[in-house]
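If you want the building blocks of each chain, they are given just below.
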Amino acid sequence: MPPSVPSLPRRVARTVRTSLFAQVTCALVLGIVVGKLWPDTATALQPLGDGFTRLIKTVISPLVFCVVVVGIAKAGDLKAFGRIGVKALIWFEIASTAALVIGLVAANVVGPGRGMNVDPASLDTKAVDATTGGGHLPSTTEFVLNALPQSFVGAFAENELLQVLILACLVGAALLHLGHTRVPKILPAIEQAQEIIFAVVGFIMRLAPLAVFGAMAHLVGNYGLGVMRTYAKLIVLCYVAAALFVALLAVALKAVTGLSLWKFLRYIREEMLLALGTASTESVMPRVMQKLRRAGARDDAVGLVLPTGYSFNLDGASLYLSIGTLFIAQAVGVDLSLGQQITVVLVLMLTSKGMAGIPGSAFLALSATASSLGAIPAGAVALLLGVDRIMDSMRVVTNLLGNCVAVFAVSRWEGALDIDRAKRTLDGEDTSTPDDGDKGVGTEKDLGGETGTEALAPGIPAQKPKELKEPAPEAG
């Protein structure tokens, strides 16, 4: 007898039970429905999303530390790590500047704020102050000083990624300097800690559908769908401009590495959907780091480029800020000259670098830009209060893809990318982790695929550390 084929309801139930992507998709749709039908109840569900993000944040700093230290120690070359950092900063500046220019050109062509004729005096600027909490963007000096740790423990406790990166570089350099014979047990211990952290991430990821449901229900319940009609022109423009920028990223990735961005999108579809649902790229950083390593990027490149990009390569935010600046100028009837628009690009190139982790940072950056021009009333940024949250999806997708492309491009530039492995992985032919051998680990189940419930608990197999360089014997 031919084997019986499960009925459609059973196949659907199995997919929902075993696939993180299906679970998050269902939670996303359910959140929209609940937010629309019961807005008062939906606004109380925000703690579901916030709690998940807090749990993920607890593991980001130790994970970044472990990956960077192990990456430096295994690469055995601190100069190569420095080159990766310099090349990453160059790529970040080019990418974010391109995003700013695309935003300005799009806003000039479409003119989303033209004809609104808004009186700035009629706007309630107190709402902007409430959103920003009275904060301010750091100056260049403050930004540099804030990147330097005051305490080893404090950097981890406050989740200051740049400070953690600096500490990791120092520890990695110390391991290289002392050599394997002086500290034989440190590197294996850090690798084992890394395995534990990835296991913890797997446990937390079981809560991802609840987080997406709560965050989406709160968004729709609090802001409603009517705001999309009011700001339809601006919203459509931002998303179209983001799509154009992503297309340029695809061309750049293909030209530099020969890889397909669309295959990569399919490869990280669970993480992308989770980031969209929670409006946070931090919520998926650990799993994205793991998948980039599986796709052939070397540990030191992943550990440095991706976390640094969270502060220096906010492409989606840059796109939004340039369009938003011209939108509020057009809405209040201010015609910015070419020189003033060049000033906008220069100012945003600086202000966008200090935005990460600051409440209401987009409004602070817009206010700083308006003040630098002297032509736009600073209070006019209140025009974007109603639509800012709707833009999170665009910013999240563009930021995340921009940083992932940066990892591949910089890795290729430095010779730290296994192209053959990357192509096999993105084609679904090879999903094992580096150095796995024939252990049979690192399968699609570990990647959050659709083959089993183990997908929600990814793990990193134990790896035999490469010996560090031993000190040369003394002469004589």
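Residues numbered from 1 in each chain as written. Predicted model: local features only at pLDDT ≥ 70, side-chain atom pairs only at ≥ 80, totals over all residues. Heavy atoms only, no water.

**What to know about the overall build of the protein**
Of regular secondary structure, the protein possesses 22 helices and zero strands. Of all 476 residues assigned to the protein, the portion counted as buried reaches 53%. Once local pairs closer than 6 in sequence are excluded, the contacts in the protein between residues at least 24 apart make up 82%. Within the structure as shown, the protein displays about 21,000 Å² of accessible surface, and the carbon and sulfur contribution to it stands at 62%. (Helix = DSSP H or I, 4+ residues; strand = E, 2+ residues; numbered from the N terminus. Buried < 20%, exposed > 50% of the residue type's maximum accessible area, 1.4 Å probe, protein only. Contact = heavy atoms within 4.5 Å. Areas by Shrake-Rupley, 256 points an atom, 1.4 Å probe, with all protein chains shown as cover.)

**Details of the environment of Ala-275**
In this structure, Ala-275 sits in helix α15 (residues 269–278). Owing to a relative accessible area of 0%, Ala-275 belongs among the buried residues under this scheme. Each C-alpha atom of the pair Ala-275 and Ala-208 lies 9.9 Å from the other, and the pair is 67 residues apart in sequence. With residues near it in sequence (within four places) discarded, Ala-275 still touches Ser-280, Ser-283, Val-284, Val-396 and Leu-400.

**What about helix α10 (residues 186–205)?**
With 20 residues, α10 ought to run about 28 Å at 1.5 Å a step, and its terminal C-alpha atoms sit 29 Å apart, in line with that. Listing the buried residues of α10 in full gives Leu-187, Ile-190, Glu-191, Gln-194, Ile-197, Phe-198, Val-201, Gly-202, Ile-204 and Met-205. Each buried residue of α10 lies within a common arc of 165 degrees when the element is viewed along its axis, so the set occupies one face. Looking at α10, the residues exposed on the side facing more than 90 degrees away from the buried face are Ile-196 and Phe-203. (Expected span 1.5 Å × (residues − 1). Arc of directions from axis to C-beta.)

**Concerning the confidence of the model for the protein**
For the protein, the mean per-residue pLDDT works out to 77, and 78% of the residues sit at or above 70. Per-residue pLDDT, averaged within each element of the protein, yields its smallest value for helix α6 (residues 126–132) (56) and its largest for helix α14 (residues 261–267) (93). (pLDDT = per-residue confidence, 0-100.)

**Side note on the packing of aromatic side chains**
If you walk through the whole model with that rule in mind, you get five aromatic pairs. Taking the centre distance of 6.2 Å and the plane angle of 50 degrees together, the rings of Phe-264 and Tyr-267 count as tilted. With Phe-264 and Tyr-267 both in helix α14 and three residues apart, this pair spans about one turn of that helix. What makes Tyr-267 buried here is its relative accessible area of 8%. What links up through ring pairs into an aromatic cluster is the set Phe-65, Phe-152 and Phe-156. Here Lys-291 stacks its cationic end above the ring of Tyr-267, 5.1 Å away from the centre of that ring. In this arrangement the basic side chain of Arg-395 is found over the ring face of Tyr-320, its NZ or CZ atom lying 4.6 Å from the centre. (Phe/Tyr/Trp six-rings, centres within 6.5 Å; stacked < 30°, edge-to-face > 60°. Lys NZ or Arg CZ within 6 Å of the ring centre and 35° of its normal.)

**Side note on the environment of Leu-383**
Its location among the elements puts Leu-383 in the loop between α20 (361–373) and α21 (392–414). Sequence separation between Leu-383 and Ala-331 is 52 residues, and the spatial gap between their C-alpha atoms is 8.5 Å.

**Focus: the nonpolar core**
In terms of nonpolar packing, the biggest core is built from 138 residues, with Val-64, Leu-234, Leu-261, Phe-264 and Leu-292 touching the most fellow members. For this core, the element with the most residues is helix α4 (residues 46–75), which contributes 14 residues. If near-sequence neighbours (up to four positions away) are discounted, Phe-264 is found in contact with Leu-292, Leu-401, Cys-404, Phe-408 and Leu-426. (Core = buried A, V, L, I, M, F, W, Y, C linked by side-chain atoms within 4.5 Å.)

**Here's the deal with the pattern of salt bridges**
Applying the stated criterion across every chain, the model contains eleven salt bridges. Measuring nitrogen to oxygen at the nearest pair gives 2.7 Å for the salt bridge that ties Lys-263 to Asp-427. With a gap of 164 residues between them, Lys-263 in helix α14 and Asp-427 in the segment after α22 (419–426) connect regions that are remote in the sequence. Note on Asp-427: relative accessible area 39%, which makes it partly exposed. Several salt bridges converge on common partners, so that one network encompasses Arg-269, Glu-270, Glu-271, Arg-287 and Lys-291. (Salt bridge = Lys/Arg side-chain N within 4 Å of Asp/Glu carboxyl O.)

**Considerations on the side chain of Gln-341**
The residue Gln-341 is located in helix α19 (residues 338–351) in this model. When its relative accessible area of 11% is taken as the criterion, Gln-341 is described as buried. Beyond its immediate sequence surroundings of up to four residues, Gln-341 is in contact with Leu-104, Asn-108, Leu-326 and Leu-336.

**A few points about α22**
When we look at burial in α22, the residues that qualify are Ile-419, Arg-421, Ala-422, Thr-425 and Leu-426. Along the axis of α22, the buried positions cluster into a sector of 160 degrees, meaning they face one direction only. Packed against the buried residues of α22 are α13 (232–257), α14, α16 (285–294) and α21. At the N-terminal end of α22, a side-chain oxygen is found 3.4 Å from the backbone nitrogen of Asp-420, two or three residues along, and the residue is Asp-418. (Polar contact = N/O pair within 3.5 Å; in protein donor to acceptor, adjacent residues only side chain to side chain.)

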